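# Observations on the three-dimensional arrangement
Chain by chain, the residues run as shown.
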Amino acid sequence: MKTALTIAGSDSSGGAGIQADLKAMTLNGVFAMSAITALTAQNTTGVTDIMDVSPEFLKSQLDAVFTDIYPDAIKIGMVSDKDLIIAIAEKLEEYQAKNIVLDPVMVATSGSKLLKDDAIDTLKEKLIPLADLITPNIPEAEILTNMQIKNEIDMEVAAEKMANELGVSVLVKGGHSINDANDVLFEIDSLNITWINGERIKNENTHGTGCTLSSAIAANLAKDKSLEESVRNAKKYLEGALNDGLDLGKGRGPMNHAFDIKEAYKI
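Residues numbered from 1 in each chain as written. Predicted model: local features only at pLDDT ≥ 70, side-chain atom pairs only at ≥ 80, totals over all residues. Heavy atoms only, no water.

An unreviewed UniProt entry annotates the chain as Hydroxymethylpyrimidine/phosphomethylpyrimidine kinase of Anaerococcus martiniensis. Under the Sequence similarities (unreviewed entry) heading, UniProt states for the chain: "Belongs to the ThiD family." (UniProt positions renumbered as here; feature names shortened; annotations may be inferred.)

Structure (structure tokens):
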């Protein structure tokens with residue numbers, strides 16, 4: 001069985017973070033493992049507190065995983081502290097990690113800021129260059145490129161700019177009033193720009209969509225799918241989870257990651 005590791009923060013409400021990652025990886029057919037970067041007090045209405053783990057403890061988690069069950073792919077999510085970013089980069093280089101998908105989590109769906117200002121440069125200098133793919137949304141892409149993104153042409157320009165400056169393939173995710181469901185993929189090896197079109201789904205419950213998509217991509221890469229196929233498969237999975245129409249919580253609720261096996265847990 002193929003394996004995948006998520007390196008991310010914990011979401012106490014279960015809709016995003018490592019909880020979403022583990023669900024998405026499992027439902028995409030791989031054995032899922034985790035290394036926790038932070039604990040959050042969080043629900044569908046926002047993040048009320050964050051407690052980072054120490055760099056030493058994060059390194060211990062990564063050592064434990066890599067020396068026993070080597071991951072076929074890795075997803076990196078919320079890392080709010082520059083020392084933790086450096087710790088992850090050191091361990092990924094030490095163990096020659098492969099199939100790395102980095103979701104540059106800077107702002108939560110609720111609007112809460114999740115990345116410290118002094119960590120952004122460290123992320124760009126130390127960690128992003130080790131990734132095979134980064135998956136920024138529009139606000140994150142604007143931060144990483146220092147440009148405004150107002151339309152689909154801007155999305156293409158931003159994707160190519162990030163790829164060239166950071167040396168990594170880029171998936172700029174649509175939405176945020178630009179387009180509802182279409183993402184643009186720039187592959188650094190081939191220099192190809194591909195639009196990955198998606199289904200427009202009327203669902204306000206989008207907590208954890210970014211976590212879920214990047215984890216599903218990593219799971220597909222672990223199964224030796226191409227980058228484009230991995231993105232397409234992951235996007236199809238995300239659409240299924242959104243289409244299920246789960247409605248929990250008082251804010252932007254989570255999706256049903258297990259939408260395809262609902263019969264298994266009917267009461």
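There is more to say, and it comes next.
Applying the stated criterion across every chain yields a total of ten salt bridges. In this structure, D224 and K2 form a salt bridge, with 3.5 Å as the shortest nitrogen-oxygen distance. Here K2 lies in the segment before strand 1 (3-11) and D224 lies in the loop between helix 7 (209-222) and helix 8 (227-243), a separation of 222 residues in the sequence. Judged by relative accessible area, which is 60%, D224 ranks as exposed. (Salt bridge = Lys/Arg side-chain N within 4 Å of Asp/Glu carboxyl O. Helix = DSSP H or I, 4+ residues; strand = E, 2+ residues; numbered from the N terminus. Buried < 20%, exposed > 50% of the residue type's maximum accessible area, 1.4 Å probe, protein only.)

Structurally, the position occupied by H207 is in the loop between strand 9 (192-196) and helix 7. On the basis of relative accessibility, which here comes to 6%, the residue H207 falls in the buried class. Of the polar contacts made by the side chain of H207, one reaches the side chain of D11; its length is 2.9 Å. (Polar contact = N/O pair within 3.5 Å; in protein donor to acceptor, adjacent residues only side chain to side chain.)

Attention now moves to helix 6 (residues 152-166). Because an α-helix packs 3.6 residues into every turn, residues spaced three or four apart end up facing the same way. Taking 1.5 Å as the rise per residue, helix 6 with 15 residues should run 21 Å; its terminal C-alpha atoms sit 21 Å apart, in good agreement. Turning to helix 6, its buried residues number three or more, namely D154, M155, A158, A159, M162, A163 and L166. Burial along helix 6 is one-sided: seen end-on, the buried residues are contained in an arc of 165°. Opposite the buried face of helix 6, by more than 90 degrees, sit the exposed residues I153 and E165. Capping the start of helix 6, N151 holds a side-chain oxygen 3.1 Å from the backbone nitrogen of I153, two or three residues further along. Two residues or fewer past helix 6, G167 is found with a positive phi of approximately 70°. (Expected span 1.5 Å × (residues − 1). Arc of directions from axis to C-beta.)

What follows is about the sheet that holds strand 8 (residues 183-187). Pairing within the open sheet is mixed, and its nine strands lie in the order 3-2-1-4-5-6-7-8-9. The two strands at the open ends of the sheet, each matched to only one other strand, are strand 3 (46-52) and strand 9. As judged from the three bridges shared by strand 4 (residues 73-76) and strand 5 (residues 100-102), these two strands associate in the parallel manner. When the sheet's bridge partners are listed, K75 is paired in strand 5 with V101. On top of the sheet, helix 7 reaches strand 1, strand 4, strand 5, strand 6 (133-134), strand 7 (169-172) and strand 8; it is set at about 165° to strand 4, its chief contact. (Pairing = 2+ DSSP bridges. Contact = heavy atoms within 4.5 Å. Axes fitted to C-alpha atoms, helices over the stretch in contact; angles between N-to-C directions.)

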